[in-house]
Each structure stands twice: as structure tokens, then as C-alpha cells.
Amino acid sequence: MDELPVVVVGAGPVGLAAAAQLLERGLEPVVLERGAQAGAAVAEWNHVRLFSPWSELVDPAAARLLEPTGWVQPDGSAYPTGREWAEVYLRPLAAVLGERVRLGAEVIGVARRGRDRIVDSGRDGEPFSVHVRTAEDEERVLARAVIDASGTWTTPNPLGGEGLPAIGERAAADRISYRVPDLAAERARYAGKHIVVAGSGHSALTALVALAGLGGDTRISWVLRRGGIGNTFGGGDADQLPARGALGLRAKEAVDAGQVTVVTGFRTEAIERTGGSITLMSADGRRLEDVNEVIALTGFRPELSWLSEIRLELDPTLQAPVALAPLVDPNVHSCGTVYRHGAKELSHPERNFYLAGMKSYGRAPTFLAQTGYEQVRSIAAELAGDHEAAARVELIMAETGVCGGAGLFDEPDSGASGCCGPAEPELLTLSAPPAASN
């Protein structure tokens with residue numbers, strides 16, 4: 001078993017950081033990426049600027065691996081776009097890892113060799129059997145451990161307010177996008193149209209700010225499932241990530257200026273075509289008519305079907321590891337502070353199998369790259385037998401400046417404050433530099 005590699009699923013920021021951390025620990029990684037390039041998911045939002053600066057976007061072990069090649073770390077105070085993150089950091093890192101990164105290799109299943117999910121006998125003594133599909137064939141890769149860092153990008157939540165697609169949502173797919181629009185390439189699709197933006201996270205705020213810049217006859221309706229705006233704009237100047245706070249401030253400016261119409265308490269139940277437009281209908285009978293385009297930015301969820309033979313222990317609400325879920329549950333808090341966690345909190349009954357990165361959060365929002373880098377540092381230490389280092393998790397995340405349990409936001413006047421005391425609306429000032437996102 002010790003001579004087998006550790007399979008890392010996904011060549012995104014966290015997957016590549018996992019490979020660098022494993023190499024530094026003397027373990028051999030194999031990174032399996034179904035896309036045609038490292039950072040394939042990042043490439044799909046390459047126009048979006050991150051609200052984390054370069055200093056928080058480069059894994060320390062990855063930097064140590066890159067430096068002998070002449071790679072120069074970018075200015076730590078600058079905020080890259082997705083394109084810059086991929087071109088300056090992710091692709092050079094994949095190049096250094098060389099043949100350890102396999103592109104066009106889609107993982108379609110993981111099991112224990114010779115054991116299905118229900119077999120106990122000799123289970124921990126067998127390696128993982130990772131089934132891979134390529135353009136040419138299917139194959140099996142044996143592994144001593146598996147780190148699933150495949151993310152959630154390919155499984156966005158639907159527009160429907162029940163967690164399922166609204167009635168008619170699939171039929172209206174040509175009018176609905178689940179990604180922040182690239183207006184440099186899609187301006188004609190949105191300019192002068194009535195656009196509905198659904199969602200309350202940072203991606204929705206990014207879209208609102210971008211669309212407000214179209215001006216002219218463009219109409220923007222911002223649909224929120226919650227009963228009021230509450231602290232949706234974030235902590236403003238109190239946010240310890242200044243660009244994240246500035247994003248909320250710019251979105252608030254657009255709303256205050258009348259560029260965006262806010263529709264609260266609207267849970268989309270059905271969509272119908274009405275001539276050349278569509279109509280959104282809510283569960284309480286309200287209608288949003290003459291809509292040309294919908295941008296549904298309602299979060300993501302993990303794809304777990306190909307892990308059906310792995311014994312996972314997931315929280316029934318968030319679909320995150322049970323020990324991690326209470327630390328990130330938005331029903332309890334959204335304070336921006338993620339409690340320290342590592343291999344222990346990310347483990348499962350299936351020994352040496354880990355979910356890492358965005359996928360480890362299940363359906364919880366607000367994941368930062370720094371969190372993923374610390375996760376895989378701890379996992380690599382645990383797999384190398386350095387249990388003390390694995391347990392020594394010292395990352396302290398930047399606070400958002402606001403708190404609140406999302407589960408109470410349906411009540412417009414609930415005054416919900418979650419775990420950390422009341423939100424501070426007076427922090428939402430209007431003086432802000434250009435915003436970053438995501």
C-alpha cells in the first residue's frame with residue numbers, strides 16, 4: 001500500500017495545493033482532472049476578479065515548489081481575475097508537477113478494491129480502486145488514499161425555491177444562466193433587457209454591480225428568497241477582506257440609486273413563456289413578468305453519485321462532513337470566521353478518504369482558498385503519519401463584519417443575529433474602492 005500514490009481528484013487550486021503538500025511530505029500524488037487544462041473551472045469565470053489578494057491565493061508548499069523554476073510570486077496586495085489566477089499560478093504549478101497531473105481523466109467511481117460498500121472484511125487493508133474515464137478508454141488506478149477536491153462548480157443549485165428546478169425551469173433553459181455573466185462577451189444578451197438576478201451571495205452582488213454598469217434601458221430585478229435585505233450587503237468597512245466589503249457597498253449603491261429593483265420573499269415556483277419573454281411565479285402567487293433573462297446565482301451543491309461505494313459520514317442538512325458542518329452551517333451563523341479544522345474534522349468512516357476544498361462545505365457558502373490550503377496541509381501531514389502537525393491547525397479567517405443565521409432570514413423583521421450578536425447596518429457606508437468578487 002505504501003508504494004501506491006495518493007489520488008487527488010481535481011486540478012483546481014485546492015487539488016494542486018494538495019499535490020504540492022503531499023510531495024513535500026514525501027508522498028507521491030496523482031492528480032486526475034477531467035478538464036483539458038489545470039484550473040478548468042476557474043477558466044469558466046476568468047472574467048471575475050477575486051476578493052482575496054494574491055497573498056491568500058498561493059499555497060505555501062506550491063510556492064516552494066515553483067520558486068526553483070524562476071517563478072516570481074505576484075504582488076501580494078493585488079487582486080487577480082480568474083484568468084490571471086490560472087495563467088500566473090495554476091498552470092505553472094501543474095507544469096511543475098508534470099506527469100503527476102493527468103488531464104482529460106474523469107473519475108467516475110471510487111471503491112475499495114474487491115469490496116463494495118457493505119463488505120467489512122479486510123476493507124481497510126485494500127487500496128482504493130479509482131475508476132477513470134478518458135477519451136480513449138476506461139481504466140482503474142489503485143491508491144493508498146483519495147482526496148476529493150473536485151469542487152461544486154458543475155452542480156449549481158436551481159432557481160426553484162424548493163431545491164428542485166421550478167416547474168418550467170428546464171424548458172426555459174435558454175433564458176437562464178447559472179454563472180456571473182461576462183459582459184465583455186455577452187453584452188448584447190443583457191443590454192436593454194429586463195434581467196432577473198436571483199441569489200444573495202457574493203456572486204449575485206458581483207452580477208448586480210456589473211449589470212448596473214450597462215445603463216440605458218436595462219432593467220434589473222433582484223430576487224431574494226429571504227423576507228428582507230438584512231445584512232446581504234455584508235460588513236462594508238468592517239470586513240477584514242476590504243475588497244469583499246467594497247463589493248457589498250457597490251451593490252448597495254446600485255440599489256440606492258434605483259438601478260436595481262429589490263423583490264424580497266420571492267421563492268420561484270414556476271416559469272412560463274409569454275410570447276418573447278418569460279414570467280416567474282412565486283409560491284405566494286406573485287408574478288414577475290416580461291423577463292428576458294434570468295441569472296440564477298443561488299449557490300452550489302456537491303456531486304456525490306460517483307462516491308456511492310465509499311462510506312461517507314455527511315451532515316443530513318449540509319452534506320458536509322459531520323464534524324465540519326456545525327462550524328460552517330449558515331442556519332447557525334455566517335460570521336465569516338471558520339473555526340480551525342483539518343484532517344480530523346474532514347475524515348470519514350472510510351479510512352484515508354477526504355473531501356477537501358469547496359466540496360467539503362457541502363451546500364454551505366463562503367469558502368475561501370486559504371481554507372482549502374490549510375485543509376490539504378493537514379491532510380497531507382496526517383497521511384504522512386505526522387499527527388501532531390495534522391492537528392496543529394492555526395489558520396484564522398478574515399471576518400466579514402456581519403453575523404446572522406440564514407435560516408431565519410425568511411422572517412423580515414426577525415432581527416436574527418445568529419451566533420455572534422446583532423448585525424451593524426450603520427457599517428454599510430457608501431465610500432468604497434472598486435469591488436472584487438467571489
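Residues numbered from 1 in each chain as written. Predicted model: local features only at pLDDT ≥ 70, side-chain atom pairs only at ≥ 80, totals over all residues. Heavy atoms only, no water.

Chemist: Can you explain the sheet that holds strand S13 (residues 277-282)? Please cite residues and give values.
Modeler: Judged by pairing direction, the sheet is antiparallel, and its three strands sit side by side in the order S12-S13-S14 without closing on themselves. Of all strands in the sheet, those with a lone pairing partner are strand S12 (268-274) and strand S14 (287-291), marking the two edges. The sheet shows a mean angle of 15 degrees between the axes of neighbouring strands, direction not considered. In terms of strand pairing, S13 meets S14 through three bridges, oriented antiparallel. (Pairing = 2+ DSSP bridges. Helix = DSSP H or I, 4+ residues; strand = E, 2+ residues; numbered from the N terminus. Axes fitted to C-alpha atoms, helices over the stretch in contact; angles between N-to-C directions.)

Chemist: Give me the lowdown on the packing of helix H1 (residues 13-24) against helix H4 (residues 82-97), citing residues and values where you can.
Modeler: Between two packed helices, what matters for the description is the angle formed by their axes and the separation of those axes. The N-to-C vectors of H1 and H4 enclose an angle of 40 degrees; their axes lie 10 Å apart at closest approach. Between H1 and H4, the angle falls in the class oblique. Crossing of H1 against H4: the hand is left-handed. Facing Pro13, Leu16, Ala19 and Leu23 of H1, the residues of H4 in contact are Trp85, Leu90, Leu93, Ala94 and Leu97. In terms of residue class, the contact of H1 with H4 is built from nine nonpolar, no polar and no charged. (Parallel < 35°, antiparallel > 145°, perpendicular 65-115°, else oblique. Left-handed = near helix turned anticlockwise from the far one by under 90°. Contact = heavy atoms within 4.5 Å. Nonpolar A, V, L, I, M, F, W, Y, C, P; charged D, E, K, R; others polar.)

Chemist: Tell me about the packing of aromatic side chains, and name the residues and values.
Modeler: Scanning the entire structure with this criterion turns up five aromatic pairs. Centroid distance Trp71 to Tyr89: 6.3 Å. Interplanar angle 45 degrees. Geometry classified as tilted. Here Trp71, found in the loop between helix H3 (60-66) and H4, pairs with Tyr89, found in helix H4; they are 18 residues apart in sequence, far enough to count as distant. A relative accessible area of 12% means that Trp71 is categorised as buried. Judged by centre distance (4.9 Å) and plane angle (90 degrees), the rings of Tyr361 and Phe367 are edge-to-face. Accessibility expressed as a relative area gives 1% for Tyr361, which makes it buried. (Phe/Tyr/Trp six-rings, centres within 6.5 Å; stacked < 30°, edge-to-face > 60°. Buried < 20%, exposed > 50% of the residue type's maximum accessible area, 1.4 Å probe, protein only.)

Chemist: Can you tell me about the pattern of salt bridges, naming the residues and giving the values?
Modeler: Enumeration according to the criterion identifies 21 salt bridges in this entry. Residue Arg34 pairs with Glu106 through a salt bridge whose shortest N-O separation is 3.5 Å. You can see Arg34 sitting in the loop between strand S2 (29-33) and helix H2 (40-43) and its partner Glu106 sitting in strand S4 (residues 106-112), a full 72 residues away along the chain. Under the relative-accessibility criterion, Glu106 is labelled partly exposed at 24%. The closest approach of N and O atoms between Arg189 and Glu186, which form a salt bridge, is 3.8 Å. With Arg189 and Glu186 both in helix H5 (residues 183-190) and three residues apart, the pair spans about one turn of that helix. The partly exposed category is assigned to Arg189, whose relative accessible area is 26%. You can call Glu186 partly exposed: its relative accessible area is 26%. A single network of salt bridges, built from pairs that share partners, joins Arg34, Glu106 and Arg133. (Salt bridge = Lys/Arg side-chain N within 4 Å of Asp/Glu carboxyl O.)

Chemist: Could you give me a rundown of the sheet that holds strand S16 (residues 353-355), with the residues and numbers involved?
Modeler: Spatial strand order, S3-S2-S1-S7-S16: five strands in an open sheet with parallel pairing. At either margin of the open sheet sits one strand with a lone partner, and together these are strand S3 (101-103) and S16. Pairwise comparison of adjacent strand axes, ignoring direction, gives a mean angle of 15 degrees for this sheet. Note that strand S1 (residues 6-9) and strand S7 (residues 145-148) share four bridges and pair parallel. In the sheet register, Val9 faces S7, and the bridge partner there is Asp148.

Chemist: Report on the nonpolar core, specifying residues and quantitative values.
Modeler: Counting 80 residues, the largest nonpolar core has Trp85, Tyr89, Val197 and Trp222 as the members making the most contacts within it. Discounting chain neighbours no more than four positions away, the residues touching Val197 are Ala204, Ala207, Leu208, Leu211, Ile220, Ser221, Trp222, Val223 and Ile295. Counting 20 residues, the second largest nonpolar core, distinct from the first, contains Val7, Phe128, Ile310 and Phe353. (Core = buried A, V, L, I, M, F, W, Y, C linked by side-chain atoms within 4.5 Å.)

Chemist: Give a description of the pairing of strand S9 (residues 194-198) that names residues and reports values.
Modeler: As a general feature of sheets, a regular strand has side chains that alternate between the two faces. With five of five residues buried, S9 is to be regarded as a mostly interior element. What you see with S9 is no split at all: His194, Val196 and Ala198 on one side and Ile195 and Val197 on the other are buried throughout. After leaving S9, the chain enters helix H6 (residues 202-212) and then returns to the sheet as strand S10 (residues 219-223), a path that is right-handed. With four bridges connecting them, S9 and strand S15 (residues 293-296) associate as parallel partners. Bridge pairing links Val197 to Ile295 in S15. (Right-handed = clockwise from strand over helix to strand, strands pointing away.)

Function-wise, these values are silent; they only describe arrangement.
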